[in-house]
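# Survey of secondary and tertiary structure
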Amino acid sequence: MSARGESISNEAPNNDVVRRRLLAGVGITGVAAVGAQLAAPEASAAPSRTDLVYYWESQQKSLGYSQGVRVDNTVWLSGTAALDKDFNCVSPGDLPAQMAFIYARIKESLARYSLDLRHVVRESMYVTDMDALVGALPYRKRMYADGPFPTSTTVQVNQLIVPGLMIEIEVVASRVPA
């Protein structure tokens, strides 16, 4: 049983139960907006989507991912690691050098969408050595100058996709509509 007295099962949720749960926590001003979104999802037009496949194009196609995806005003970049065009590790074991390489690739990817690091609103870093990252954080901060700064999460992992990699960074960027 949930806190509201409704049973929870492993079956697909009933839309009425989902609506009731969502609307129970929404203030009066938000009910109409949420209700309208839930009532007619099929009436909305599909968002505009632009995929970015370049640099590691053959690997992206064989592994089934895009380097970046833009939907309307938001761009999601896949995790970027210090890999050359042949998917070999650049500067194995050198986190600061890998970080510099990665930010150069991120800037290049964002530029293809006419964006830059000022548009980044979310950054996630995956590192194999948190102590090595601490020494490189001043460089990371310089990438964002005096701001605006993105939200950020850092996670230590056992390994990344290619031996010698110490860091992978993914970002989400957004352009505020004019």
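Attention here is on the structure that accompanies the text. (Residues numbered from 1 in each chain as written. Predicted model: local features only at pLDDT ≥ 70, side-chain atom pairs only at ≥ 80, totals over all residues. Heavy atoms only, no water.)

### What about helix 5 (residues 130–143)?
The test is simple: Secondary structure is summarised from DSSP: a helix means a run of H or I of at least four residues, a strand means a run of E of at least two, and numbering begins at the N terminus for each. Expected span of a helix: the number of residues minus one, times 1.5 Å. Working definition for bend: take the seven residues up to and ending at a residue and the seven starting at it, fit an axis to each, and measure the angle between the axes. Any pair of residues with heavy atoms lying within 4.5 Å of one another is described as a contacting pair. Between N or O atoms, a polar contact is any pair within 3.5 Å; within protein, one atom must be a potential hydrogen donor and the other a potential acceptor, and residues adjacent in sequence are included only when both atoms are from side chains.
For helix 5, built from 14 residues, the straight-helix expectation of 20 Å at 1.5 Å per residue is met to within 8% by its first-to-last C-alpha distance of 19 Å. In helix 5, a bend of some 50° at Ala136 exceeds every other bend along the element, and Pro138, a proline, comes one to four places later. Tucked inside the fold, the buried residues of helix 5 contact helix 4 (95–111), strand 4 (120–127), strand 5 (151–156) and strand 6 (167–174). Of the residues that open helix 5, the one with a side-chain oxygen 3.0 Å from the backbone nitrogen of Asp131 is Asp129. Phi turns positive, to about 50°, at Ala145, one or two residues after helix 5.

### Let's talk about the nonpolar core
Note that soluble globular proteins tend to have their nonpolar side chains buried in a common cluster. Test applied: In these notes, a set of buried Ala, Val, Leu, Ile, Met, Phe, Trp, Tyr and Cys residues joined through side-chain atoms within 4.5 Å is what counts as a nonpolar core. Whether a residue is buried, partly exposed or exposed follows from its accessible area with a 1.4 Å probe, protein chains only, as a fraction of its type maximum: under 20%, in between, or over 50%, in that order.
Counting residues in each nonpolar core, the largest one holds 32 residues, and the members touching the most others are Ile106 and Ile167. For this core, the secondary structure elements donating two or more residues are strand 3 (74–81), helix 4, strand 4, helix 5 and strand 6. Aside from chain neighbours lying at most four places away, what touches Ile106 is Leu77, Thr80, Leu117, Ile169 and Val171.

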